[in-house]
Amino acid sequence: MAAPSQAHQATYNAIVIGAGIQGSFTAYHLAQRHRDTLLLEQVAVSPVLLRPCPTVSPALTRWGGHLQTWQPSAMARSRASASTPGDPELEGCRHNLCAGEDLDATALAQKFPGLQLHAGEVAVWDGTGGVLFADRALRAVQDVFRRHGGTLRDGEKVLRIDPGAILTVTTTAGVYRAPRLIIAAGAWTGALVAPLGLRLPLQPLRIDVCYWREKEPGSLGTGRAGPCFMALGLHQAPHGIYGLPALEYPGLVKVCHHHGSPTDPEERDRVPPGAPRPDIALLSSFISSYLPGLEPQPAVVETCLYTNTPDEDFILDRHPKFSNIIIGAGFSGHGFKLAPVVGKVLCELSLGEEPSHSMAPFAITRFPGVLRAAL
């Protein structure tokens, strides 16, 4: 921590707390609008699917057209969503796709031999899906932000936010002021807004990110034969299971449960040795049954964080009391791909403009009792 006499002090047109993809795109849009913007870096990210998740609400589905923003940086990959006929999530997936092909177990095995459905299960195949390399995407957005004159400061923990017409943000290394503040700090958002009188219903979840070795190298994850997939509505995976080809680690296919365990974000990597990890047992069973070409025990286990709202829709809104504080939170594991439009509307809200999309589904006030006396 810098001594008070050495602390950085500066005034900006806007401050963005949280330099994940949502905050970085918000800062980018502000800098593009010629606002002198400070971006304070917070969290890391991991690769995600580049298509609307079938469980995404209608309000978010309408934003799917903005995905073309990612096309230059996405590796084209097909995607299959599998479930039982008539499953609501599968029907939602089919509805969201501009074009999709229904495949039964036999047809899916012919197209993708590594995926093995059971009798009576079906899949919808989307040939336009893709994989987004999130670390590269994040660096690219931040590079463009800097080229527009933005300031990125990392390694600075926010200690205090003092509201007012000119807000003050105190970090471990500086004191910064601006007339507008955007908080997009992921799992840390709840702790940041609590002293501002908000108790948002945000639940950080620790997700086990698992990579599984191919029994026969190259059989599943390389070349165009390896799709992204989502398994929906299965009894052993009520929250769904998704998979990506072997793109991050050679010969290791990523297969994860779209759910996790409640956690303190400061403690997410401190799992006691021998602690039960039911999601890994669930995935092992799934792989033995549906992906027999993979070893049934993970070769690599990492962690990431989801920050869920009760309805799994985002929070994109002004603070109910301090209108120059904007909050973007609760992206519930499916927000990364929509970051270009999220950043745009957070920028518009911070500038006092009418947002280019309806914000009603994302209002803080949809959750009763969130405003309390500020400390």
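Throughout what follows, the structure given in this document is the object of discussion.

Calculation criteria
Residues numbered from 1 in each chain as written. Predicted model: local features only at pLDDT ≥ 70, side-chain atom pairs only at ≥ 80, totals over all residues. Heavy atoms only, no water. Pairing = 2+ DSSP bridges. Helix = DSSP H or I, 4+ residues; strand = E, 2+ residues; numbered from the N terminus. Axes fitted to C-alpha atoms, helices over the stretch in contact; angles between N-to-C directions. Expected span 1.5 Å × (residues − 1). Buried < 20%, exposed > 50% of the residue type's maximum accessible area, 1.4 Å probe, protein only. Contact = heavy atoms within 4.5 Å. Right-handed = clockwise from strand over helix to strand, strands pointing away.

### Looking at the sheet that holds strand E3 (residues 37–40)
Right, on to step 1. Read from one edge of the open sheet, six strands run E10-E3-E2-E14-E22-E21, paired in mixed fashion. The strands lining the two open edges of the sheet, one partner per strand, are strand E10 (151–153) and strand E21 (315–318). Taken over all neighbouring pairs, the strand axes of this sheet differ in orientation by 15° on average, direction set aside.
Right, on to step 2. Of the strand pairs in this sheet, E3 and E10 are connected by three bridges, and their pairing is parallel. Along E10, the bridge assignment pairs Leu39 with Leu152.

### Here we look at unusual backbone geometry
Right, on to step 1. The phi torsion at His34 lies on the positive side, around 65°, for a residue other than glycine.
Right, on to step 2. In this fold, His34 is placed in the loop between helix H1 (21–32) and E3.
Right, on to step 3. Residues other than glycine seldom take positive phi values, yet Glu312 does so here, at roughly 60°.
Right, on to step 4. In this fold, Glu312 is placed in the loop between strand E20 (300–308) and E21.

### Some words on H1
Right, on to step 1. The terminal C-alpha atoms of H1 lie 16 Å apart, and with 12 residues this matches the ideal 16 Å at 1.5 Å per residue to within 8%.
Right, on to step 2. Most of H1 sits out of view: 11 of its 12 residues are buried.
Right, on to step 3. For H1, the full list of buried residues reads Ile21, Gln22, Gly23, Ser24, Phe25, Thr26, Ala27, Tyr28, His29, Leu30 and Ala31.
Right, on to step 4. Considering only its buried residues, H1 is in contact with strand E2 (14–17), E3, helix H5 (134–147), strand E14 (181–183) and helix H8 (339–350).
Right, on to step 5. Looking one or two places after H1, you find His34, whose phi comes out positive at around 65°.

### A look at the pairing of E3
Right, on to step 1. With burial as the criterion, each face of E3 is covered, one bearing Thr37 and Leu39 and the other bearing Leu38 and Leu40.
Right, on to step 2. Across four bridges, E2 lies against E3 in parallel orientation. When the bridges of E3 are listed, Ile15 appears paired with Leu38.
Right, on to step 3. Chirality of the crossover, the property in question, places the unit of E2, H1 and E3 among those that are right-handed.

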